[in-house]
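# Architecture at a glance
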Amino acid sequence: KMKTLGVKNRCRIFEIPKNIEYISAIPRMKKYIEYAADIYEIYLQYIDKSDIHVYSIDESFIDVTDYLKIYNKTPRALAKMLIEEIAEKKKIPATCGIGTNMYLAKIALDITAKKSKDHISFLDEDLYKEQLWHHKPLTDFWQIGSGIAKRLNKRGITDMYDLAHYPEEYLYKEFGINAELIIDHSWGKESCLMKDIKNYKGQSKSISSSQILFHDYEYESAKLVLEEMVRNCSLDLIKRGLVSDNVNILVGYADEIGINVKGHVKMSSKTNVANIIMPYVDKKFYEILDKSKKIKRLGIEFANVVDKSFESYDLFTDYNQVKKQTELGIVSNKIKSKFGKNAILMGADLQEDATTILRNKLIGGHNSE
């Protein structure tokens with residue numbers, strides 16, 4: 001209904017058409033998490049946790065292959081049973097996509113289930129080709145974002161049929177190894193299994209933090225928040241026993257979509273000490289920013305993080321101060337872990353435009369209560 005009125009998915013407040021009257025409500029992430037946990041508990045009454053992958057706050061993959069015989073049900077009947085129990089116990093409507101692989105299940109959920117009367121849809125490779133090969137836009141398909149879609153469009157690829165029949169060598173030239181994934185998906189194929197997800201061990205190569213500011217910030221106020229983010233990321237690096245010599249800064253201006261400015265800093269030290277990192281970040285932030293514009297989004301990323309054993313400094317660094325700052329970070333992390341994130345703060349965190357105190361009360365960047 002909202003789309004028919006011209007409201008885009010996940011649009012910002014300033015993008016809402018002027019002719020629409022609306023009210024706003026504060027998110028309640030703690031309540032969302034409680035409901036999500038209760039729904040997961042319903043799944044566990046019928047399915048072992050090894051066959052469930054929680055994909056997001058409101059989506060899960062469930063491999064029901066071994067359960068159809070146990071409950072003597074078809075995939076659709078089993079899905080209907082779970083949907084009805086969720087509705088009965090939590091008063092929450094649910095939608096289900098069923099597929100012969102995880103990709104098809106996700107596409108059935110995202111595209112075809114919402115058009116089904118019972119909110120359940122099934123896809124195998126043949127049905128996928130029949131129903132969705134000519135579906136547009138490409139961005140409706142899982143893992144095809146606007147950037148990938150634009151690159152495909154430049155080659156005359158506007159739907160999955162075009163993608164499936166495009167010469168593969170050109171796709172590999174354009175997307176590298178990632179071409180294998182989008183080619184498989186164009187045919188409705190997916191090699192990843194539930195056991196692969198369960199066995200995967202991630203190797204973090206970066207630590208990042210981002211936030212949408214509570215209002216539009218001028219340069220000095222935004223600099224204050226960015227410095228808070230540096231200190232918090234520094235504590236995170238110390239906690240994990242990591243160091244970095246690469247920092248990326250991302251800025252989004254008010255009334256403009258997405259990230260508008262990016263900056264990269266290569267430091268002379270591999271470190272996790274905020275006092276050493278801060279001058280680099282402040283200098284680059286000043287250089288890249290259009291100070292005539294107000295700021296709505298900030299992000300910072302420490303790239304190429306490595307173990308603390310690779311820590312290194314130049315000859316002019318006071319290593320006793322480095323050791324002292326690191327020890328203070330370790331103590332701060334212990335206090336925060338025991339008494340809460342706001343148990344110990346910097347004086348700068350008490351300034352009017354600072355965000356750390358309030359953000360420490362959020363869950364996933366949203367109001368918790």
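Below is a short write-up of the structure. All values reported here derive from a predicted model rather than from experimental measurement.

## Regarding the overall build of the protein
A count of helices and strands for the protein gives 14 helices and nine strands. Evaluated residue by residue, the protein yields a buried proportion of 37% over its 369 residues. Summarising the internal contacts of the protein: among those between residues at least 6 apart in sequence, 64% fall at separations of at least 24. Approximately 22,600 Å² of the protein is accessible, and the part contributed by carbon and sulfur atoms is 53%. The positive charge centre, built from 56 side chains, and the negative charge centre, built from 52, are 2 Å apart in the protein.

## Describing the packing of helix 6 (residues 146-154) against helix 8 (residues 168-175)
Look at helix 6 against helix 8: their axes get within 12 Å of each other, and the N-to-C directions meet at 135°. By the angle between their axes, helix 6 is oblique relative to helix 8. Between helix 6 and helix 8 the crossing geometry is right-handed. Contact residues: helix 6 offers I148, R151 and L152, while helix 8 offers L171, E174 and F175.

## Quick look at the side chain of E190
Note on placement: E190 falls in the loop between helix 9 (179-186) and helix 10 (194-199). No salt bridge is formed by the buried E190. Its closest oppositely charged neighbour is K189, at 12 Å. Polar contacts involving the side chain of E190 include one to the side chain of H185, which spans 2.7 Å. Among the polar contacts made by the side chain of E190, one reaches the main-chain amide nitrogen of C192 at a distance of 2.9 Å.

## Points about the environment of D245
Examined against the element boundaries, D245 turns out to sit in strand 6 (residues 242-253). Classification of D245 as buried rests on a relative accessible area of 7%. With 78 residues separating them along the chain, D245 and P167 place their C-alpha atoms 41 Å apart. With residues near it in sequence (within four places) discarded, D245 still touches V265, K266, M267, S269 and K270. Of note is the side chain of D245, whose polar atom sits 2.6 Å from the side chain of N246. Within the local environment of D245, its side chain forms a polar contact with the side chain of K270, the two groups lying 3.4 Å apart.

## Remarks on the pattern of salt bridges
Think of it this way: side chains of opposite charge can pair up when their charged atoms draw near. Summed over the entire model, instances satisfying the criterion amount to 19 salt bridges. With a closest N to O distance of 2.6 Å, K106 and E59 form a salt bridge. On the criterion of sequence distance, the pair formed by K106 in helix 4 (residues 102-112) and E59 in strand 2 (residues 59-62) is long-range, its members being 47 residues apart. For K106, a relative accessible area of 6% corresponds to the buried category. Here D349 makes a salt bridge to R231, at a shortest N to O gap of 3.7 Å. Of this pair, D349 sits in the loop between helix 13 (319-339) and helix 14 (356-359) while R231 is found in helix 11 (residues 219-240), placing the two residues 118 residues apart along the sequence. Taken as a pair, D349 and R231 share a single burial class, namely buried. Here the salt bridges do not stand alone but share partners, grouping E59, K106 and D110 into one network.

## Digging into the pairing of strand 8 (residues 295-303)
Of all nine residues in strand 8, seven are buried, a share of seventy percent or more. Direction of pairing for strand 6 relative to strand 8: antiparallel, over a ladder of eight bridges. In the sheet register, G252 faces strand 8, and the bridge partner there is R297.

## Points about the nonpolar core
Residues V251, F285, I295, L298 and I300 are the most contacted members of the largest nonpolar core, which totals 30 residues. Elements with a contribution of two residues or more to this core: strand 5 (206-217), helix 11, strand 6, strand 7 (261-271), helix 12 (274-288) and strand 8. No other element matches helix 11, which puts eight residues into this core. Ranked by size, the runner-up nonpolar core spans 27 residues in total, among them L104, A149, L171 and I182.

About the thresholds
- Residues numbered from 1 in each chain as written.
- Predicted model: local features only at pLDDT ≥ 70, side-chain atom pairs only at ≥ 80, totals over all residues.
- Heavy atoms only, no water.
- Helix = DSSP H or I, 4+ residues; strand = E, 2+ residues; numbered from the N terminus.
- Buried < 20%, exposed > 50% of the residue type's maximum accessible area, 1.4 Å probe, protein only.
- Contact = heavy atoms within 4.5 Å.
- Areas by Shrake-Rupley, 256 points an atom, 1.4 Å probe, with all protein chains shown as cover.
- Lys, Arg positive; Asp, Glu negative; His and termini not counted.
- Charge placed at Lys NZ, Arg CZ, Asp CG, Glu CD.
- Axes fitted to C-alpha atoms, helices over the stretch in contact; angles between N-to-C directions.
- Parallel < 35°, antiparallel > 145°, perpendicular 65-115°, else oblique.
- Left-handed = near helix turned anticlockwise from the far one by under 90°.
- Salt bridge = Lys/Arg side-chain N within 4 Å of Asp/Glu carboxyl O.
- Polar contact = N/O pair within 3.5 Å; in protein donor to acceptor, adjacent residues only side chain to side chain.
- Pairing = 2+ DSSP bridges.
- Core = buried A, V, L, I, M, F, W, Y, C linked by side-chain atoms within 4.5 Å.

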